[in-house]
Amino acid sequence: IRIMFMNFRAKIIVVIAAVVVILGGVIGFLIWRSRQAELIIVPPPTGQLPAAPTPSATSGVPTAPAPKLMTPAQLNAAAREVAIKNRARDFVERFGSYSKDANYANLAELQPMITAPVAKWLEQYPRTLKEKEPAGFIGVSTFVIIQKILSSGDTRAEVMVSAQREETTASGVSRYYKDILVKMVFVGDMWKVDGAYWQP
C-alpha cells in the first residue's frame, strides 16, 4: 500500500510539473506573438510611403525663396556699374595722391585711364598745385570711401566719390574728407575719365 501511495504521489507531481511547463510555454508563446505584432508596419493604401512634411509645416520656419535669375540686360547693367566704380576709384586715389618731392611723378600713371583733353589739362596741374600749396615738403594720400553713380549709359557716366585725404607737411599730418565729381566716357573697350572736379 505504501508503494502504491508513493507511485500515486509521484504521478501527481509529474502531472503538476507537466501542467506548469505547458502553461509556461503557452504564456511565453503569447508574449512573443504580441511583440511580433507590434513590429508589423502596415503600408499605406497606395503602396508608397507618405511624403515628409515641409519644415514650414512642422516648425513654422519659412522656406527660402528660389533665387531669381538676372536677365542679360540686368547682367550688362551690373557689369557696367562695377567697371565704372572701379575706374572712378582707381583714378581718384591716384589723382589725389602725390608728393612734391617726387615732382608729382605719380600723376603720369593716369595716362592710360584718361581722355586726351584731360591729359592736356593734367600737364599744367602740377604747376597749379605748386602755386597753391605752401613751401616745403608736402605729400597727400587719398582713399576712396563711398561712390555713388549719378548717371550711367552705354557711353557716358557720372560718379560722385567721397574720399579721405591725409596731408603731410613739415608741421604734421592733417586728415580731412572731400568729394569729387568724376565724368567718364566709354572709349574703345574701356571707361576713361573725361573730367574731375573737387567739390567745395
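The model shown is predicted, which means the values in this text are computed figures rather than measured ones. (Residues numbered from 1 in each chain as written. Predicted model: local features only at pLDDT ≥ 70, side-chain atom pairs only at ≥ 80, totals over all residues. Heavy atoms only, no water.)

Caption draft 1: Layout of the overall build of the protein chain. When its secondary structure is counted, the protein chain shows 4 helices and 5 strands. If you list the helices and strands of the protein chain from N to C, you get α-α-α-β-α-β-β-β-β. Looking at the protein chain as a whole, 23% of its 200 residues qualify as buried. In the protein chain, of all internal contacts separated by at least 6 residues, the share reaching a separation of at least 24 is 51%. Carbon together with sulfur atoms contributes 63% to the accessible area of the protein chain, which is approximately 14700 Å² in total. (Helix = DSSP H or I, 4+ residues; strand = E, 2+ residues; numbered from the N terminus. Buried < 20%, exposed > 50% of the residue type's maximum accessible area, 1.4 Å probe, protein only. Contact = heavy atoms within 4.5 Å. Areas by Shrake-Rupley, 256 points an atom, 1.4 Å probe, with all protein chains shown as cover.)

Caption draft 2: How the structure looks around the packing of aromatic side chains. Enumeration over the complete set of coordinates arrives at 7 aromatic pairs. Plain terms: the ring middles of phenylalanine 95 and tryptophan 121 are 6.0 Å apart, the flat faces sit at 40° to each other, and that makes the pair tilted. Placement of the pair is phenylalanine 95 in helix H3 (residues 72-95) and tryptophan 121 in helix H4 (residues 116-132), with a sequence separation of 26 residues. With a relative accessible area of 1%, phenylalanine 95 lands in the buried category. With a centroid separation of 5.2 Å and an interplanar angle of 65°, the aromatic rings of phenylalanine 186 and tryptophan 191 are classed as edge-to-face. Judged by relative accessible area, which is 6%, tryptophan 191 ranks as buried. Feature note: the residues Phe91, Phe95, Trp121, Tyr125 and Trp198 constitute an aromatic cluster, connected by ring pairs. (Phe/Tyr/Trp six-rings, centres within 6.5 Å; stacked < 30°, edge-to-face > 60°.)

Caption draft 3: Spatial organisation of the side chain of threonine 169. Assignment of secondary structure puts threonine 169 in strand E3 (residues 156-169). In this structure the side chain of threonine 169 is engaged in a polar contact, spanning 3.0 Å, whose partner is the side chain of serine 171. Setting aside anything within four residues of it in sequence, one finds threonine 169 in contact with Phe137 and Ile138. (Polar contact = N/O pair within 3.5 Å; in protein donor to acceptor, adjacent residues only side chain to side chain.)

Caption draft 4: How the structure looks around the pairing of strand E4 (residues 172-187). Taken together, the 14 bridges between E3 and E4 define a ladder with antiparallel strand orientation. Opposite glutamate 167, over in E4, you have serine 174 as the bridge partner. Between the end of E3 and the start of E4, which pair antiparallel, lie 2 residues. Between the end of E4 and the start of strand E5 (residues 190-198), which pair antiparallel, lie 2 residues, with glycine 188 showing a positive phi angle near 70°. (Pairing = 2+ DSSP bridges.)

Caption draft 5: Representation of the nonpolar core within the structure. The biggest cluster of nonpolar side chains holds 29 residues, and the ones touching the most others in it are Phe91, Val92, Phe95, Leu110, Ile114, Val161 and Met184. Of all the secondary structure elements, the ones that give two or more residues to this core are H3, H4, strand E2 (138-152), E3, E4 and E5. Look past the residues within four positions of leucine 110 in its chain and what remains in contact with it is Phe91, Arg94, Phe95 and Leu122. (Core = buried A, V, L, I, M, F, W, Y, C linked by side-chain atoms within 4.5 Å.)

Caption draft 6: Broad picture of unusual backbone geometry. Non-glycine residue asparagine 103 carries a positive phi angle of around 55°. Take asparagine 103: it is sitting in the loop between strand E1 (98-99) and H4. In this structure, tyrosine 104 takes a positive phi of about 60° despite not being glycine. Its place among the elements puts tyrosine 104 in the loop between E1 and H4.

Caption draft 7: Geometry of the sheet that holds E2. The 5 strands lie next to each other as E1-E2-E3-E4-E5, forming an open sheet whose pairing is antiparallel. In this open sheet, the two edge strands, each paired with only one partner strand, are E1 and E5. Lying on the sheet, H3 is in contact with E1, E2, E3, E4 and E5; it crosses E2 at an angle near 155°. (Axes fitted to C-alpha atoms, helices over the stretch in contact; angles between N-to-C directions.)

So yeah, pure geometry; function would need other evidence.
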